[in-house]
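Working through the structure, step by step
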Amino acid sequence: LLPLALDETDPHRTKVGALTFLNAWELRSDNSNFGGISALVVTRDSRFLAVSDAGTLIGFTLGQTNRMENSFIAALPGAFGDTIDYRDRDSEGMAYDPASGRIWISYEARHAVRRISPSLGRVDGINKLTFTSGWKANGGIEAIARLRDGRFVLFSETHKRTDGSNSAYLFSGDPVEPGSRATGFGYVAPVGYRPTDATLLPDGRLLILNRRISFPNGFTAKLAILDPAVIESGKTIAPKVIATLAPPLLVDNMEGVAITEEEGRIIVWMISDDNFTALQRTILMKFALNLRIKKPEAETAPGFETLSN
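As the structure is a computational prediction, the values presented were derived from the model and not from experiment. (Residues numbered from 1 in each chain as written. Predicted model: local features only at pLDDT ≥ 70, side-chain atom pairs only at ≥ 80, totals over all residues. Heavy atoms only, no water.)

**Focus: the overall build of the chain**
The secondary structure content of the chain amounts to 0 helices and 23 strands. For 309 residues, the compact-globule estimate of 2.2 N^0.38 gives 19 Å, and the C-alpha radius of gyration of the chain, at 18 Å, lies within 12% of that figure. By principal-axis analysis of the C-alpha atoms, the chain measures approximately 55 × 45 × 40 Å. For the chain, the proportion of its 309 residues judged to be buried stands at 56%. Sequence-distant contacts in the chain: of pairs separated by 6 or more residues, those separated by 24 or more amount to 50%. For the chain, the computed accessible surface area is about 14100 Å², with 48% contributed by carbon and sulfur atoms. Looking at the chain, you have 34 positive and 36 negative side-chain charges, and the mean spots of the two groups are 3 Å apart. (Helix = DSSP H or I, 4+ residues; strand = E, 2+ residues; numbered from the N terminus. Rg over C-alpha atoms; globule rule 2.2 N^0.38 Å. Buried < 20%, exposed > 50% of the residue type's maximum accessible area, 1.4 Å probe, protein only. Contact = heavy atoms within 4.5 Å. Areas by Shrake-Rupley, 256 points an atom, 1.4 Å probe, with all protein chains shown as cover. Lys, Arg positive; Asp, Glu negative; His and termini not counted. Charge placed at Lys NZ, Arg CZ, Asp CG, Glu CD.)

**Some details on the pairing of strand 14 (residues 166–171)**
Strand 14 sits mainly inside the fold: 6 of its 6 residues count as buried. The side-chain alternation of strand 14 yields two buried faces, one formed by Asn166, Ala168 and Leu170 and the other by Ser167, Tyr169 and Phe171. Looking at chain direction, strand 13 (residues 152–160) and strand 14 are connected through 5 bridges and run antiparallel. Residue Leu154 lies in a different strand from strand 14, and its bridge partner there is Tyr169. Hairpin connection between strand 13 and strand 14: a loop of 5 residues separates the two successive antiparallel strands, and Gly164 in this loop has a positive phi of roughly 90°. (Pairing = 2+ DSSP bridges.)

**Overview of the sheet that holds strand 19 (residues 236–237)**
Pairing within the open sheet is mixed, and its 5 strands lie in the order 12-13-14-15-19. The open sheet terminates on both sides in strands that have one partner only, identified here as strand 12 (141–146) and strand 19. One ladder, built from 6 bridges, connects strand 14 with strand 15 (residues 182–187); its direction is antiparallel. Across the sheet, Tyr169 pairs through a bridge with Gly184, a residue of strand 15.

**Some details on the pattern of salt bridges**
Counted by the stated rule, this structure contains 17 salt bridges. Between Arg110 and Asp85 there is a salt bridge; the shortest N-O distance is 3.3 Å. Here Arg110, found in the loop between strand 9 (103–107) and strand 10 (112–116), pairs with Asp85, found in the loop between strand 7 (68–75) and strand 8 (91–96); they are 25 residues apart in sequence, far enough to count as distant. Owing to a relative accessible area of 33%, Arg110 belongs among the partly exposed residues under this scheme. The class of Asp85 is partly exposed, set by a relative accessible area of 21%. Across the pair Arg161 and Asp163 runs a salt bridge whose closest N-O atoms are separated by 3.3 Å. Among the residues examined, Arg161 registers a relative accessible area of 24% and is labelled partly exposed. Salt bridges sharing common partners tie together Arg102, Arg115, Asp124, Asp174 and Glu177. (Salt bridge = Lys/Arg side-chain N within 4 Å of Asp/Glu carboxyl O.)

**A look at the nonpolar core**
Ranked by size, the top nonpolar core spans 29 residues in total, and within it Leu223, Leu245, Val268, Met270, Met285 and Phe287 carry the most contacts. Looking at this core, the elements that each hand over two or more residues are strand 3 (19–27), strand 17 (206–214), strand 18 (218–226), strand 20 (240–245), strand 21 (254–262), strand 22 (265–272) and strand 23 (282–289). Looking at this core, the element that brings in the most residues is strand 23, giving 4 residues. Aside from chain neighbours lying at most four places away, what touches Leu245 is Leu6, Val16, Thr220, Ala221, Leu250, Val251, Met270, Met285 and Phe287. (Core = buried A, V, L, I, M, F, W, Y, C linked by side-chain atoms within 4.5 Å.)

**Some words on the side chain of Thr220**
Locating Thr220 in the fold gives a position in strand 18. By relative accessible area, which is 3% here, Thr220 ends up buried.

Listed below in structure tokens is the structure:
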């Protein structure tokens, strides 16, 4: 772990919209499979899990010695086999259920959602998405989030509806289960930006990471909030932007976002995709969220009482 400043031109700066900067690090590894991170979650035992767009699962904890501890890098279940090629390994989004320990991963190229067992050792469900027929290989589901009632929201990075919004879908339940129905809607990303990851806040709203690359300005990112309660079939919805990362602030190809809670505060984590190039870095950023968040009552998932964990 190499500590980084938020703004090298102003060491005292900490405020970024509704965020307060706490820390940042460049993550490094001698393992050639490290990098290309496209999504991030934090498990109930405070471990970071990330997936790369090369079909790799990366796990670690943050230690007190400027090192990633208890780390591992392994191929995702189902990433290799006699009938499997690179098009089956382009993992882009990840959702996590702390109650069951299950993980859902969305894939581009051959568009699909796979559910991974709590042991991380096997695929225990798959949905080869049909509504993506005709989509470009690199335009599939970039972000996936599980709502607290068991529904799922999926966002395309580049596929557009006729009104210019990004294609997005709300599943009535677990997307790999046959009984779950998908409702399409439009996501209006900030102008010039694309959604790259999403996670759930304690009050049930979605926190969505949006990324832009432009020349000569390079990478910028916007963090936004969307209330799933306003999703309706065919409706076009715009989120509320709460923070923008742009030079001279620390920023790279931001692709992953996750939240934790720490001493009564909501902590927002963001991570970048280095595209396996020496010109970019894997940056992990830590912020406190400065918004009032009401913790909701627990809810049960609708219509799936017979599903086993």
